[in-house]
Amino acid sequence: MDIQVSTGRVGDADVQALVVAVFKDEQAHEGFLQELDAATGGLIKSVIESEELKGKEGETVYVHLGEGRGDLKAKRLLLVGVGERDGYGAAQVSQMAGTAARALRARSVKTVGLITRGAEADAERSAAVAVEGVLMALFEPDKYRTSEKEERTIERLVIMTQGASEDVLRRGAERGRIIGESVNFTRDLANEPGAYMTPTIMAERARAIASEFGLEVDVLDQARMEGEGMGSLLSVARGSEEPPALIVLKYTPEGFTGGADGGGKVVGGGEGLLAFVGKGVTFDSGGISIKPGENMELMKYDMTGGATVLGVMRAVAQLKPPMPLLGVVPATENLPSGKATKPGDVVRAMSGKTIEVINTDAEGRLILADAIAYARKLGATQIVDLATLTGAVSIALGDVNTGILGTDQELIDEVIAAGREVGEKLWQLPLDKEYTRQIKSDIADIKNVGGRKAGTITAAAFLKEFADGISWAHLDIAGTAWGDDAKPYRSKGPTGVAVRTLLNLIERTARASSGGKGEKS
Ligand code: BES
Ligand code: ZN
Ligand code: ZN
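### Digging into the layout of surface pockets
Moving on, step 1. Of the pockets and cavities examined, the largest pocket occupies roughly 970 Å³.
Moving on, step 2. Taken together, 36 residues make up the lining of the largest pocket; nearest its centre are Lys291, Met299, Thr390, Gly391 and Ala392.
Moving on, step 3. Sorting elements by how many residues they give to the lining of the largest pocket places helix α11 (residues 392-397) first, with 3 residues.
Moving on, step 4. Along the lines of polarity and charge, the residues of the lining of the largest pocket split into 12 nonpolar, 13 polar and 11 charged.
Moving on, step 5. In this model, the second largest pocket occupies a volume close to 730 Å³.
Moving on, step 6. Together, 31 residues line the second largest pocket, and Gln95, Gly423, Glu424, Lys487 and Tyr489 are the ones closest to its centre.
Moving on, step 7. Looking at the lining of the second largest pocket, the elements that each hand over two or more residues are α3 (90-106), α4 (123-138), α12 (409-422) and β21 (482-483).
Moving on, step 8. Here the lining of the second largest pocket gets 4 residues from one element, more than from any other, and that element is α3.
Moving on, step 9. For the lining of the second largest pocket, the per-class residue count stands at 9 nonpolar, 12 polar and 10 charged.
Moving on, step 10. The residues that make up the lining of the second largest pocket include at least three from each of domain 1 (2-148 + 155-161) and domain 2 (180-513).

### Points about the coordination of the zinc ion (ligand 2)
Moving on, step 1. Every protein donor of the zinc ion (ligand 2) is listed here as Asp284 (OD), Asp361 (O), Asp361 (OD) and Glu363 (OE), and their distances to the metal cover 2.0 to 2.2 Å.
Moving on, step 2. The site at the zinc ion (ligand 2) holds 6 donor atoms, and with the angles between them running 71 to 167 degrees, its shape is irregular.
Moving on, step 3. Look at where the donors of the zinc ion (ligand 2) fall in the sequence and you get D-x76-D-x1-E.

### Digging into the nonpolar core
Moving on, step 1. Counting residues in hydrophobic clusters, the biggest one holds 62 residues, and the most contacted among them are Phe276, Leu310, Leu325, Leu475 and Leu503.
Moving on, step 2. The element contributing the most residues to this core is helix α9 (residues 304-319), with 9 residues.
Moving on, step 3. Every residue in contact with Leu475, bar those within four places of it in the chain, is listed here: Val384, Asp385, Leu386, Ala387, Thr402, Gly403, Ile404, Val415, Leu426 and Ala498.
Moving on, step 4. Residues Ala371, Ala373, Ile446 and Ala461 belong to the second largest nonpolar core, which totals 47 residues.

### Considerations on the coordination of the zinc ion (ligand 3)
Moving on, step 1. Distances from the zinc ion (ligand 3) to its protein donors, Lys279 (NZ), Asp284 (OD), Asp302 (OD) and Glu363 (OE), fall at 1.9 to 2.4 Å.
Moving on, step 2. Geometry at the zinc ion (ligand 3) is octahedral, judged from its 6 donor atoms and the angles of 78 to 174 degrees they form at the metal.
Moving on, step 3. Read in sequence order, the donor residues for the zinc ion (ligand 3) give the motif K-x4-D-x17-D-x60-E.
Moving on, step 4. In this structure, the zinc ion (ligand 3) lies 3.2 Å away from the zinc ion (ligand 2), the two metals sharing Asp284 as a donor. Placement of the pair is Asp284 in strand β12 (residues 280-284) and Asp302 in the loop between β12 and α9, with a sequence separation of 18 residues.
Moving on, step 5. Judged by its relative accessible area of 3%, Asp284 is buried.

### Concerning the sheet that holds strand β14 (residues 346-348)
Moving on, step 1. Taken together, the 3 strands give an open sheet; going across it, the order is β14-β15-β19, and neighbouring strands pair in mixed fashion. The open sheet is flanked by β14 and β19 (446-447), the only strands paired with a single partner.
Moving on, step 2. Where β14 lies against strand β15 (residues 354-356), 3 bridges are found, and the strand directions are antiparallel. Among the inter-strand pairings, Val347 is bridged to a residue of β15, identified as Ile355.

### Let's talk about the site of ligand 1
Moving on, step 1. If you check the shell around ligand 1, you find 16 residues, and the closest are Lys291, Asp302, Asp361, Glu363 and Gly391.
Moving on, step 2. Measuring from a nitrogen atom of ligand 1, one finds a side-chain N or O atom of Asp302 at 2.8 Å.
Moving on, step 3. Within the contact set of ligand 1, an oxygen atom lies 2.7 Å away from a backbone nitrogen or oxygen of Gly391.
Moving on, step 4. The protein chains hide 76% of the 520 Å² of surface that ligand 1 would expose on its own.
Moving on, step 5. Among the cavities detected, the one that contains ligand 1 is the largest pocket.
Moving on, step 6. The class makeup of the residues in the shell around ligand 1 is 5 nonpolar, 4 polar and 7 charged.

### Observations regarding the domain arrangement of the protein
Moving on, step 1. On domain assignment, one finds that the protein holds domain 1 (2-148 + 155-161) and domain 2 (180-513).
Moving on, step 2. Placing the centre of domain 1 and that of domain 2 at their C-alpha centroids yields a distance of 37 Å.
Moving on, step 3. Counting residues at the interface gives 17 residues for domain 1, matched by 23 residues for domain 2.
Moving on, step 4. Summed over the three residues of domain 1 that lose the most area to domain 2, namely Arg125, Met136 and Phe139, the buried surface amounts to 35% of that side.
Moving on, step 5. Linking domain 1 to domain 2 there are 5 salt bridges.
Moving on, step 6. Here domain 1 is connected to domain 2 by 7 residue pairs in polar contact (both at pLDDT 80 or more).
Moving on, step 7. Counting only elements with at least two residues in the side of domain 1 that touches domain 2, the list comes to α3 and α4.
Moving on, step 8. Tallying contributions element by element places α3 first for the side of domain 1 that touches domain 2, with 7 residues.
Moving on, step 9. For the side of domain 1 that touches domain 2, a count of residues per class yields 8 nonpolar, 4 polar and 5 charged.

What counts, and at which threshold
- Residues numbered from 1 in each chain as written.
- Chains lettered and ligands numbered in written order.
- Predicted model: local features only at pLDDT ≥ 70, side-chain atom pairs only at ≥ 80, totals over all residues.
- Heavy atoms only, no water.
- 1 Å grid on protein atoms, 1.4 Å probe; cavity = no way out; pocket = protein on both sides within 12 Å on 5 of 7 lines; lining within 4 Å.
- Points joined across faces, edges and corners; volume = space filled by probe spheres on them.
- Helix = DSSP H or I, 4+ residues; strand = E, 2+ residues; numbered from the N terminus.
- Nonpolar A, V, L, I, M, F, W, Y, C, P; charged D, E, K, R; others polar.
- Domains from an automatic or database assignment.
- Donors = N, O, S within 2.8 Å, 3.2 Å for Na, K, Ca; no water.
- Tetrahedral: all angles 85-135°; square planar, octahedral: opposite > 155°, others 65-115°.
- Core = buried A, V, L, I, M, F, W, Y, C linked by side-chain atoms within 4.5 Å.
- Buried < 20%, exposed > 50% of the residue type's maximum accessible area, 1.4 Å probe, protein only.
- Contact = heavy atoms within 4.5 Å.
- Pairing = 2+ DSSP bridges.
- Near = heavy atom within 4 Å.
- Polar contact = N/O pair within 3.5 Å; in protein donor to acceptor, adjacent residues only side chain to side chain.
- Areas by Shrake-Rupley, 256 points an atom, 1.4 Å probe, with all protein chains shown as cover.
- Sits in = over half its atoms within 2 Å of the grid points.
- Buried area = accessible area lost by both parts, 1.4 Å probe.
- Salt bridge = Lys/Arg side-chain N within 4 Å of Asp/Glu carboxyl O.

Written out as structure tokens, the structure is:
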């Protein structure tokens, strides 16, 4: 899709269809709508008076302007309700753009002019989130379908903001393209069947983005993991014929020499190194504690945390924020075999802690334990991990909120705020030390499950044993990383949740450390 920007009159836009956001209870005789009403020969007024469109979020009305009606070059118009004018922020612009893109593609429209309204204040950001929204909306998970495949595509998108500067719009559109494509990169990885997304293939994909966009990459194989003493991660990989991989990506800003303490900026204003760690179980059968067959095919997406880290680093390499960042992805399959770890086995993690494996299906925490330890060895002082870690998080929060827990309240608050700005909701669960009692083992330091109660919390309590002493937040995306149903602005399947939240977290941190002057000043 070709992405362009325009600051000129909407009437002149050389596109097949124009997209216009309409606020709740907005009237056709006010401001911009009045202009458009005149240009369409009174069409806006008649649509609003028909009460077909009240401006409620998600409503759409699609009309063809007959030849000779009005003086718009575009002969089709899609009006999209966006709710209250007051609440119209980045998240709403992105969803509006996505809703429009899917609706117009379904109608075989090839060229689209998208008018960003109320965007004068931050034209760059609006352009970015509009492009992002369109790219995300057009992703389809039917990669392997050969018949009845959706072949329609939008070929050209023009972001239109009257009165803005073209440079500003272009910068925003480019940022949106990078982010939207990176979210879709993550979704594509998450969507791949286990056979096509083994740990080895995942590592290849990481190497490919490192060489395409300029990142340092290192992949630890089994021998190196043994050398590091990663007995916890290796205990999960043992049952599989596919070798595991521990993927490390490092971004360093050009000319970076380090702050006063040699470190970069981290969330909360200090100095150090922020790392993202993502669970990369490329297929989770449960291992010897094997899962029931129903829905097991979905366990191909158990590497989404890792895919999210790769997507974030892919975008970071292009957006070039002013602080260094680390990405660590432990990748392995979890399968039963004659070599597989058995319930009751005791394994020794890189940190030296011993773990009694009660249930081999609680494997995510086992691989994250060593990945967190390795990130710390590489200098991480602040860690955000992401994992499809527990089924319990969907029981608690459904597919609406990502669960967040951790040891650094300031970091947690910042992640939640960063998510809210991009329309990704997170809800904090408590992590009191009392929960740690549930993972005490009779024969080792800890065990890998804590019983039926508070499953998401005891999983985090386990991770805390390895993140102790540093700034840490954990995102359980098991409920939010996969959409069972399509939305007007998104297909069903992998959602790419948290990529935008983390990129916004980085942007907010960069802005705060430059004294709130904005990343580019
Ligand atoms: N990958 C699963 C969690 C999961 C479940 C993700 C459903 C997405 C959808 C994880 O490895 C797992 O199996 N967790 C167990 C933990 C239990 C054995 C303590 C669970 O949630 O049942
Ligand atoms: Zn599992
Ligand atoms: Zn799992």
